[in-house]
Amino acid sequence: MEKKLLKFTVNESPYEIYINPKTLLVEAIRDHIGLTGTKRGCETVSCGACTVMVEGMAVKGCSILAMQVEGKKVTTVEGLETNGKLDPIQTAFLDEGAFQCGFCTSGMLMSARAFLNETPKPKDEMEIRRGMEGNLCRCTGYNAIIRAIDRVAKGEYKEDKK
Amino acid sequence: MSVICPVCKKVKKNPVDCARHMFGTGDKPHRAWFDAQGLSFIDLLLDQATQPGNKSYELVGGYVEKAQKDIK
Amino acid sequence: MSENKYSVLNTRVHNVDGYAKVTGRATYTFDVTLPGMLYGKILRSPHPHAKILNIDYSEALKLPGVITVVTGKEDTLGVRQGIWRRYKDLCDEAILTVDKVRYIGEPVAAVAAVTEEIAEKALDLINVDYEVLPFVDDPMEAIKKEAPLIHEGFERNVNVTRQIAWGDLEDAMEEAEYVREDWFKLGGQHHMCMETRAAVAAYTPDGKLTIYTSTQSAYYHQALLAGVLGLREGNIRVIAPYVGGGFGGKFELDGAQFCASILSMKCCKPVKVIFTREEDFIASKRRTPMYYYVRTGVKKDGTFCAREAKVFTNGGAYTGMGATALYLTGFFHSFPYRWKAYRYDGYRVYTNSLPSTSMRGFGAPQAMFCSEQQIEWIANDLGLDPIEMRRKNGHYEGYEVPGQATIASCGLDEALTKIQEWKKSKGKLPANRAIGISAAGFMSGGIFNWFDSPYSFSSAVITINYDGTVELHVGAQEIGQGSSTTMAMICAEALGVKLEDVKVHMGDTDHSPADLGAWGSRQTLMAGNATKMAAEDAKRQLLEFANAKLGFNIIYDLDIKQGWVYNVARPERGMSYYDLCKEALRGKEGQRIIGRGFYTPRRKGMISPAYSYMVQGLDVEIDPETGYLKIHESVTAHDCGQPINTLGLIGQLEGAASMAIGFGYYEYLPVEDGKVMNPNLVDYKLIRAPEMPACQVIEIDTYEPEGPYGAKEAGEGLTNPHAAALGNAIYYATGLQMKEAPIRAEAIAKAWKEKQQQKKNEKKK
């Protein structure tokens, strides 16, 4: 199959890559751009380890072809920090120990960031839990992750906001 | 009815209890008795462990009962 | 909770790997790329049992981009290896099998190519001639006289037998005034690590092998690979800085590590093998499925007399760690109670299915599902309070489990009280909702050395730099459980520095001392002891210089805390640790202070030097018509001695709960005709965020003399009680006695329907 040109933005930087049209977005990010923070944990769009943001929306990187983000803005976990300054959600994860092996963490952070962007004031804990339903974690039992998101939602890291 | 274990001569309350004792002990002499009766210790034990009900114990109890007349 | 007397221990700190993990910088084996690296794929057996007659890969070699193909017969030493190295007959697994395949998915050949896609295409071009053999996939079938023999020399496919016994069972049963017997069936479970099995092996022309791999023990894999590759351990370097989960499935040699190594050795290029999620499900290993027969005799007042258990486990195709699971299930089936007589007979049976191995809990979740439900039913049969009955028979400090263990610290009694109080506080619950309780206990590392390691079980080396930063070299493997942070905290506390002064070096056999690794809940106690000893050694050497410098009256002694070296009686008098380090270095002619520590348990019984205790309560709502469960609340009263890593502890307990609830309810892993029926995350159900209950932990304060600062295990023991607690809640809410785990919704609905039908029939009479 002939390779095609893909022009898109990743973490606010423009990229042009020649890829096989079958390439999944997560493969383009990891193997072509070289950003390995985004992981893969399954082949059935089930686990969420590959979650990134496309135009601010949380998307499983294995569920779409890279060509589908032509001209669009993609954000990966590497894009959460600015010149070494962490996003509040990252600091909250550190404060709550909301990770253990860390393999699901990049996807969790992206889902959490997207969720908080859409729902800055969740009405209760269950709304946060439902917002994170797409991300599997085998280590934490989720509760520390929910606590971290809740702390950001409650405005604890206001002064850290960009 | 009280019975005597055909292998070690312990007195047991009834044939099923004796069977339980024989499976429980599971040592060479007891297993050899099973072989002598043409019974498979391991097959019966597996049945006992995996099928609800005490069919294995009851089966072996029957053999114990029959053996009573030969015990001196 | 008592006031914290420590300056670092039991405080909320950032995980030492935190920045790497929350910023996407952590590089797992999954992420490793080396120059000139090839991609390896494994050809797997489609048959559960077959002889390999011939493998023809000539067509595969013709495919452009394919560099090499390997088979067991041509390219390996054919070594049958296993983790029980002391028992040669249990070393039964040649990973790239030579003569025959024994389970669906077993590696038969492997390909290395320049891209993953080409390697996969090449698999289709390899022709394997099999002679298909009859197979058996259940112990009941495998043990029959006419069953096909899976391994030569193992009659009736009985792989291992174990007995644990004390007292005179028959006499003690005679004393019993009430006897109950039940039959249970326990399913398997999959580790389902977020990072699948992974290895990048790089063999170089100088005869050395470097392998990046997702492992629970860098040293075990160094030693196992040496054995199968014919290399010296010292010529193998295992690197594992970040591991995406283990849970008991990653300290045996696996197909990714072996095939990557063999491929790399053949072509002298780096080769990466990563299992797909499907491969991971079908061709790694799983929790051991078991059949349990339990007969328990008690007095009418609830005093435990005797228990007898007969267990058959489904070992799958190879021994692996399954032999240990067979032993531990039998031991923990007696836990945490005193029995006048106890007898466990366990049989592990080979079958042509996915090999069974260790998985968090190690046979104890299966054991507790049976024990803790039966105990509840006995209490109800006799009209006794189930918590008081447990208390009456529980372990206590100083108790000796006959011939097995001495309990040096035990918070069981207080844990029972806390859960009792919680249960009372819940009051009367609405219909179809009930509280289920289960007690449990677990080991803090095993005393066994079936691996035949010549090294201390754990070792640590500490060096102190000019600026006071501390290099801690320890073999404790970080797999997400927080061991690096825990070791850093113990080092900081014992040496007297700040946590941020400590750097942890682990997961690299070139730089970390040999350690048995992360399994059996051993690291906090064993590696922790080694770390504490090393830190105290270094501190003693430092204080020699401090004593000289400060020149206090001989009646005064010194200590170090948070970077301040001080007179213990007059703490305001002293000097900065950072200044001391500079002086000590000069005093030692420019040589850094080195502290050494190590630990191996000796004369600590048959199982473990220490045991944690817990009582778990679940508030569960059941819809009996659908079998749907909702867990409203989870409360655990937990005794792990001295907590060290506060955030780590909470995370481990919540994580254990999620896995335990999975074992009890969600994670059904059916294997039919040797085939795993749901090898993907759509059909294999894991609990997700909306279903996970909030978990409250009540810490029970005890001090374990064998543990560092009194600490013992946390995070594996708590995988044991939830399945039984769920079962007990279902029992109280519906009257149903569920004897199969996982307790499937369909099973609850079916049992409920049958019960309703039975009621109707009885009414008609």
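This section reports on the structure supplied with the text. Every value quoted in this text rests on a predicted model; they were computed, and no experiment measured them.

## Looking at the overall build of chain C
Of the regular secondary structure elements, chain C holds 19 helices and 33 strands. Seen along its three principal axes, the alpha-carbon backbone of chain C occupies a region of about 95 × 75 × 50 Å. The buried share of chain C, reckoned over its 765 residues, is 61%. Considering only contacts in chain C between residues 6 or more positions apart, those separated by 24 or more positions represent 81%.

## A closer look at the overall build of chain A
Secondary structure summary: chain A contains five helices and five strands in total. Listing each helix as α and each strand as β along chain A from the N terminus yields β-β-α-β-β-β-α-α-α-α. Over its C-alpha atoms chain A spans a radius of gyration of 16 Å, differing by no more than 12% from the 15 Å that the globule rule assigns to 162 residues. With the C-alpha coordinates aligned to their principal axes, the bounding extent of chain A is approximately 50 × 30 × 25 Å. Taking all 162 residues of chain A together, 55% fall into the buried category.

## Thoughts on the sheet that holds strand S24 (residues 558–561) of chain C
Residue and element names in this part refer to chain C. If you trace the three strands from one edge of the open sheet to the other, you get S24-S25-S26, paired in antiparallel fashion. Every other strand in the sheet has two partners, leaving S24 and strand S26 (574–576) as the edge strands with one partner each. Between one strand and the next, the sheet's axes are offset by a mean angle of 20°, whatever the strand orientation. Relative to strand S25 (residues 564–567), S24 runs antiparallel, the two being bridged by four bridges. Counterpart to aspartate 559 in the pairing with S25 is tyrosine 566.

## Let's talk about the arrangement of the chains
Comparison of the two pairs of chains in contact shows the highest number of contacts for chains A and C. Between chain A and chain B there is no contact, and the shortest C-alpha to C-alpha separation is 32 Å.

## Re the packing of helix H7 (residues 218–229) of chain C against helix H8 (residues 255–267) of chain C
All names here are of chain C. Close contact between H7 and H8 brings their axes to 11 Å; oriented N to C, the two are set at 50°. Judged on the interaxial angle alone, H8 and H7 are oblique. The handedness of the crossing between H7 and H8 comes out as right-handed. Contacts from His221, Leu225, Val228 and Leu229 in H7 reach Gln257, Phe258, Ser261 and Met265 in H8. Its residues assigned to classes, the contact of H7 with H8 comprises five nonpolar, three polar and no charged.

## Examining the sheet that holds strand S1 (residues 4–10) of chain A
All names here are of chain A. One open sheet holds the five strands; their spatial order is S2-S1-S5-S3-S4, and the pairing between them is mixed. The sheet is open, and its two edges are formed by strand S2 (13–19) and strand S4 (57–60), each paired on a single side. Looking at each pair of strands side by side, their axes are set apart by 40° on average, direction ignored. Sheet topology note: the strand S3 (residues 51–54)/S4 ladder contains four bridges and is antiparallel. Each residue of the ladder has a partner; that of methionine 53, found in S4, is alanine 58. Against the sheet, helix H1 (residues 25–33) makes contact with S1, S2 and S3, and its axis sits at roughly 95° relative to S2, the strand it touches most.

## With respect to the interface of chain B and chain C
Across the boundary between the two partners, chain B contributes twelve residues, which contact 18 residues of chain C. Where the side of chain B that touches chain C is concerned, the elements lending two or more residues are helix H1 (15–25) and helix H3 (41–50) of chain B. Looking at the side of chain B that touches chain C, the element that brings in the most residues is H3 of chain B, giving seven residues. Split by residue class, the side of chain B that touches chain C holds five nonpolar, six polar and one charged.

## Description of the interface of chain C and chain A
In this complex, chain C contributes 46 residues to the contact, which on the side of chain A involves 40 residues. Those elements that place two or more of their residues in the side of chain C that touches chain A are helix H1 (18–22), helix H9 (277–283) and helix H17 (646–666) of chain C. Counting residues per element, the side of chain C that touches chain A draws most heavily on H17 of chain C, which supplies eight residues. Looking at the side of chain C that touches chain A, its residues break down into 21 nonpolar, 17 polar and eight charged.

## Examining helix H11 (residues 364–382) of chain C
Residue and element names in this part refer to chain C. Along its 19 residues, H11 runs 26 Å from first to last C-alpha, staying within 8% of the 27 Å computed at 1.5 Å per residue. The buried fraction of H11 is high, at 14 of 19 residues. Looking one or two residues past H11, glycine 383 carries a phi angle of roughly 70°, positive in sign.

## Some remarks on the pairing of strand S14 (residues 290–298) of chain C
Residues and elements named next belong to chain C. For S14, the tally of buried residues reaches nine of nine residues, placing the bulk of the element in the interior. Of the two faces of S14, the one carrying Met290, Tyr292, Val294, Thr296 and Val298 and the one carrying Tyr291, Tyr293, Arg295 and Gly297 are both buried. Both strand S8 (residues 178–186) and S14 contribute to a ladder of nine bridges, which runs antiparallel. Bridge assignment links aspartate 182 to a residue of S14, and that residue is valine 294. Here S14 pairs with strand S15 (residues 304–316) via nine bridges, running antiparallel. Residue pairing across strands places valine 294 opposite alanine 309, the latter belonging to S15. Connecting the antiparallel pair S14 and S15 is a turn made up of five residues, with glycine 302 showing a positive phi of about 95°.

## Considerations on unusual backbone geometry
Residue and element names in this part refer to chain C. Geometrically, the link from phenylalanine 335 to proline 336 is a cis peptide bond, its omega value of -15° lying close to zero. Locating proline 336 in the fold gives a position in the loop between helix H10 (322–332) and strand S16 (341–350). A cis amide bond, omega 0°, links alanine 741 with the succeeding residue proline 742. Of note, proline 742 is situated in the loop between strand S33 (740–741) and helix H19 (745–764). Phi at asparagine 10 is positive, roughly 55°, even though this residue is not glycine. Considering the arrangement of structural elements, one finds asparagine 10 in the segment before H1. Unlike most non-glycine residues, phenylalanine 362 shows phi in positive territory, near 60°. Judged by C-beta crowding, with 30 C-beta atoms within 10 Å, phenylalanine 362 ranks as buried.

## As for the environment of glycine 717 of chain C
You can see glycine 717 of chain C is positioned in the loop between strand S32 (695–699) and helix H18 (722–734). Residues glycine 717 of chain C and threonine 351 of chain C, spaced 366 residues apart in sequence, show a C-alpha to C-alpha distance of 28 Å.

## Things to note about the packing of H1 of chain B against helix H4 (residues 55–67) of chain B
Residues and elements named next belong to chain B. Contact geometry of H1 with H4 gives a least axis separation of 7 Å together with a crossing angle of 105°. When the axis of H1 is compared with that of H4, the two are roughly perpendicular. Facing Pro15, Val16, Cys18, Ala19, Arg20 and Met22 of H1, the residues of H4 in contact are Tyr57, Glu58, Val60, Gly61, Gly62, Val64 and Glu65. For the contact of H1 with H4, the per-class residue count stands at eight nonpolar, two polar and three charged.

## Here's the deal with the environment of alanine 535 of chain C
Residues and elements named next belong to chain C. By the secondary structure assignment, alanine 535 is in helix H15 (residues 523–550). Note on alanine 535: 27 C-beta atoms within 10 Å, which makes it buried. A C-alpha to C-alpha distance of 10.0 Å links alanine 535 and isoleucine 464, two positions 71 residues apart in sequence. Not counting residues up to four positions away in its chain, the partners in contact with alanine 535 are Ile462, Cys491, Ala494, Leu495 and Gly595.

## A short note on the environment of proline 721 of chain C
Residue and element names in this part refer to chain C. Here proline 721 is to be found in the loop between S32 and H18. Placed 60 residues apart in sequence, proline 721 and isoleucine 661 show a C-alpha to C-alpha distance of 9.1 Å. Each residue touching proline 721, except ones within four places of it in the same chain, is listed here: Met368, Glu372, Ser438, Ala439, Ala440, Met614, Gln616 and Ala660.

## Some details on the pairing of strand S29 (residues 628–639) of chain C
Residues and elements named next belong to chain C. With eleven bridges connecting them, strand S28 (residues 611–623) and S29 associate as antiparallel partners. Note on S29: the bridge partner recorded for glutamine 616 is threonine 636. Hairpin connection of S28 to S29: four residues between the antiparallel strands, including glycine 627 at a positive phi of 80°.

Scoring rules and cut-offs
- Residues numbered from 1 in each chain as written.
- Chains lettered and ligands numbered in written order.
- Predicted model: local features only at pLDDT ≥ 70, side-chain atom pairs only at ≥ 80, totals over all residues.
- Helix = DSSP H or I, 4+ residues; strand = E, 2+ residues; numbered from the N terminus.
- Buried ≥ 20, exposed ≤ 12 C-beta atoms within 10 Å, placed from the backbone.
- Contact = placed C-beta atoms within 7 Å.
- Rg over C-alpha atoms; globule rule 2.2 N^0.38 Å.
- Pairing = 2+ DSSP bridges.
- Axes fitted to C-alpha atoms, helices over the stretch in contact; angles between N-to-C directions.
- Parallel < 35°, antiparallel > 145°, perpendicular 65-115°, else oblique.
- Left-handed = near helix turned anticlockwise from the far one by under 90°.
- Nonpolar A, V, L, I, M, F, W, Y, C, P; charged D, E, K, R; others polar.
- Expected span 1.5 Å × (residues − 1).

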